[in-house]
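Residue-level listing of the chains:
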Amino acid sequence: VSKPISKKKTNHKKSKNFELISLIGVISIFFVIRDFEQTLGGYILFWKLAFFSLLFSICCAIILNHYYSFNNEKRFYNILGISICFFLLVPNICIFINKNFNTEVSKQPIQINYKKITKTSRGGNTYNIYIHTEFDKNERLDISKEFYDSISNNQKVVLTLTKGVLGYNYVQKIEIDKSL
């Protein structure tokens, strides 16, 4: 007596290593890191988008699970790599979009709380001013050394702002307020 052959199709999924995909998110930081500093409320926007990116991570893991096996010994690292990728990539892309796709340009006079020189790890300096915004009482903006030398604490400056499509203002230019 021969055994009946099962006509049930076996589902063989490919095993894939997604650990290195996290580098896409890490590399994208280098293209927009300065844009976070010049976006008013940029870090608040980052954290909102990072939370939103969790949805992308979950959807991507579910979709990829249909095509690839996550049941191997590197399952945790594969899902972690995908999560890190989206955690960094989604906010970086959205900051880029907010900066480059804007709806209006405006000028806003504002008073500097204080200015500060920060030493960098490479031995250089970064020059910053701190202003009061709706997001933070000491929002940091990067400025040039020349502009830093030409201003003082509590001085009025004029910000040239572009309103991005995501609703956050991006500082295009900072000038001394000459109306005084």
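Preceding this section is the structure that the text describes.
**Here we look at the sheet that holds strand β7 (residues 169-176)**
Next up, step 1: Pairing in this open sheet of 5 strands is antiparallel, and the strands run β5-β4-β3-β6-β7 from one edge to the other. Each end of this open sheet is capped by a strand with a single partner; those strands are β5 (139-143) and β7. The average undirected angle you get between the axes of adjacent strands in this sheet is 45°.
Next up, step 2: Bridging between strand β3 (residues 102-119) and strand β4 (residues 125-131) involves 7 bridges; their strand directions are antiparallel. In the strand pairing of β4, Y114 is matched with Y130.

**A closer look at the environment of F18**
Next up, step 1: With respect to the element layout, F18 can be found in the loop between β1 (14-15) and α1 (22-38).
Next up, step 2: As for F18 and K74, which are separated by 56 residues in sequence, their C-alpha atoms are 9.0 Å apart.

**A short note on the pairing of strand β6 (residues 156-164)**
Next up, step 1: Counting buried positions along β6 yields 7 of 9 residues, so the element is predominantly enclosed.
Next up, step 2: Of the strand pairs in this sheet, β3 and β6 are connected by 9 bridges, and their pairing is antiparallel. Paired with S106 across the strands is L161, a residue of β6.
Next up, step 3: Between β6 and β7, which pair antiparallel and follow one another directly, the connecting turn spans 4 residues, one of which, G167, has a positive phi of 95°.

**Some words on the nonpolar core**
Next up, step 1: Membership of the largest hydrophobic core comes to 17 residues, with the highest contact counts inside it found for L64 and I82.
Next up, step 2: Listed by contribution, the elements that provide at least two residues to this core are α1, α2 (42-67) and α3 (75-100).
Next up, step 3: Grouped together as the second largest cluster of nonpolar side chains are 16 residues, L40, I110, L159 and I174 included.

**A look at the packing of α1 against α3**
Next up, step 1: Packing of α1 against α3 brings their axes to within 8 Å, and their N-to-C directions diverge by 30°. Taken together, α1 and α3 sit at an angle that is classed as roughly parallel. Classified by chirality, the crossing of α3 by α1 is left-handed. Taken together, the residues of α3 that come into contact with α1 (itself represented by S22, I24, G25, V26, S28, I29, V32, D35 and F36) are G81, I84, C85, L88, L89, P91, N92, I95, F96 and K99.
Next up, step 2: Partitioning the contact of α1 with α3 into residue classes produces 12 nonpolar, 5 polar and 2 charged.

**Considerations on the side chain of N98**
Next up, step 1: Along the chain, the position of N98 falls in helix α3.
Next up, step 2: Of the polar contacts made by the side chain of N98, one reaches the backbone oxygen of Y168; its length is 3.0 Å.

**Focus on the pattern of salt bridges**
Next up, step 1: Under the defined criterion, the tally for this structure stands at 6 salt bridges.
Next up, step 2: Here K107 makes a salt bridge to E175, at a shortest N to O gap of 3.3 Å. In this pair, K107 is assigned in strand β3 and E175 in strand β7, connecting sequence segments 68 residues apart.
Next up, step 3: A network of salt bridges, in which partner residues are shared, links K107, K173 and E175.

**Side note on the packing of α2 against α3**
Next up, step 1: Relative orientation of the contacting elements α2 and α3 amounts to 135°, with a least axis distance of 7 Å. Considering their axes alone, α2 and α3 lie oblique with respect to each other. Where α2 crosses over α3, the handedness of that crossing is right-handed. Residue-level inspection shows G42, L45, F46, W47, L49, A50, F52, S53, F56, S57, C60 and L64 of α2 in contact with α3, the latter providing I82, S83, F86, F87, L88, V90, P91, C94 and I95.

Conventions we followed
- Numbers given for residues are sequential positions, taken from 1 along each chain in its written order.
- The model is predicted, so local features are restricted to residues of pLDDT at least 70 and side-chain atom pairs to those at 80 or more, both for listing and for counting; the totals for chains, interfaces and linings are taken over all residues.
- Side-chain measures here rest on the full set of heavy atoms in the structure, leaving out hydrogens and waters.
- We treat two strands as partners when DSSP finds at least two bridges between them.
- Working definition: helices are DSSP H or I runs of at least four residues, strands are E runs of at least two. Numbering for both runs from the N terminus.
- Angles shown run from 0 to 180 degrees and are taken between the N-to-C directions of axes, each axis being a line fitted to C-alpha atoms and, for helices, limited to the stretch in contact.
- Under the scheme applied here, a residue whose accessible area is under 20% of the maximum for its type counts as buried, over 50% as exposed, and between as partly exposed, the area being computed with a 1.4 Å probe on protein chains only.
- We define the nonpolar core as a collection of buried residues of types Ala, Val, Leu, Ile, Met, Phe, Trp, Tyr and Cys that are connected through side-chain atoms lying within 4.5 Å of one another.
- When describing relative orientation, an angle under 35 degrees is termed roughly parallel and one over 145 degrees roughly antiparallel, while 65 to 115 degrees is termed roughly perpendicular and anything else oblique.
- By the definition used in this description, the sense in which the near helix is turned from the far one sets the handedness, with an anticlockwise turn below a right angle giving left-handed and a clockwise turn giving right-handed.
- Every residue pair with non-hydrogen atoms within 4.5 Å of one another is taken to be in contact.
- Classification convention: Asp, Glu, Lys, Arg as charged; Ala, Val, Leu, Ile, Met, Phe, Trp, Tyr, Cys, Pro as nonpolar; all other residues, Gly among them, as polar.
- Any pair of N or O atoms that falls within 3.5 Å is considered a polar contact. Within protein, one atom must be able to donate a hydrogen and the other to accept it, and sequence-neighbouring residues count only if both atoms are side-chain atoms.
- By definition here, a salt bridge exists when the distance from a side-chain nitrogen of Lys or Arg to a carboxyl oxygen of Asp or Glu is within 4 Å.

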